[in-house]
Amino acid sequence: MSIPHLAARYSFERRDTTEGAWRTMDRYTMPDGTLAGTSVELVGAVLLHKKDSMATLENGLLTLFADTVSYRFTPVDGWERLTPTHSLAACYGVESTHAGRGTWTTRDTLKDKASATEVRTLTDDVLRIGSDVSVHTSGVLIAETRAEGIALRFTPLTVSESSAAGMAHSA
């Protein structure tokens, strides 16, 4: 499935025909309730293979209808795909998660902060293998790797935060 004008990040919700409310698909999304645009194309393609399913795309909103359930993918404002022209902060805090985990944590990261050069190298590698990197208007980056099933969140640190993180990490 190919979505024209693919957004960087989407919310993912489900509604059974017997219910009126849409529910976030927490076990498939990142802690903020979103997933990468390329993941939406993959999930959408899988869901469309269900018997008697169909899809509509209107103003970026993708809705899939199957026998007893509907799925909705809504573009999330403030996010865009990372390009080489995006400038990066000098230093980032690093956290990781798996889809459905519910929290970002430093527990599984190799380090708790990274320089702009380290972040650019990693995000270039993630993009080269066909995964997704999104940047928020706040400067936060999410690198979502489909093959490994993990995501990394890079949060810009101020000079005082990066110094404090370095002191805490070396203590």
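Reference entry: report on the structure contained in this document. Note that the structure is predicted; figures quoted are calculated from it, not measured.

Definitions and limits used
- Residues numbered from 1 in each chain as written.
- Predicted model: local features only at pLDDT ≥ 70, side-chain atom pairs only at ≥ 80, totals over all residues.
- Heavy atoms only, no water.
- Helix = DSSP H or I, 4+ residues; strand = E, 2+ residues; numbered from the N terminus.
- Buried < 20%, exposed > 50% of the residue type's maximum accessible area, 1.4 Å probe, protein only.
- Areas by Shrake-Rupley, 256 points an atom, 1.4 Å probe, with all protein chains shown as cover.
- Contact = heavy atoms within 4.5 Å.
- Expected span 1.5 Å × (residues − 1).
- Pairing = 2+ DSSP bridges.
- Axes fitted to C-alpha atoms, helices over the stretch in contact; angles between N-to-C directions.

### A few points about the overall build of the chain
So, point 1. Across its full length, the chain carries 3 helices and 12 strands.
So, point 2. Every one of the 171 residues in the chain was classed for burial, and the buried ones make up 39%.
So, point 3. Summed over all atoms, the accessible surface of the chain reaches about 9,400 Å², with 55% contributed by carbon and sulfur.

### Side note on the environment of Leu47
So, point 1. Along the chain, Leu47 turns up in helix α1 (residues 37-48).
So, point 2. Accessibility expressed as a relative area gives 12% for Leu47, which makes it buried.
So, point 3. With 18 residues separating them in the primary sequence, Leu47 and Phe65 have C-alpha atoms 8.9 Å apart.
So, point 4. If near-sequence neighbours (up to four positions away) are discounted, Leu47 is found in contact with Phe12, Ser53, Leu64, Tyr71 and Phe73.

### Concerning α1
So, point 1. An ideal rise of 1.5 Å per residue puts 16 Å on 12 residues; α1 measures up with 16 Å between its terminal C-alpha atoms.
So, point 2. For α1, the complete set of buried residues consists of Gly37, Thr38, Ser39, Val40, Glu41, Gly44 and Leu47.

### Notes on the sheet that holds strand β11 (residues 141-145)
So, point 1. Strand order in this open sheet of 6 strands is β7-β10-β11-β12-β8-β9, and the pairing throughout is antiparallel. Edge positions in the open sheet fall to β7 (79-81) and β9 (113-115), since each of these has one partner strand only. Each strand of the sheet is rotated relative to its neighbour by a mean of 30°, with strand direction disregarded.
So, point 2. Lying on the sheet, helix α2 (residues 116-128) is in contact with β8 (91-98), β9, β10 (132-136), β11 and β12 (150-156); it crosses β9 at an angle near 90°.

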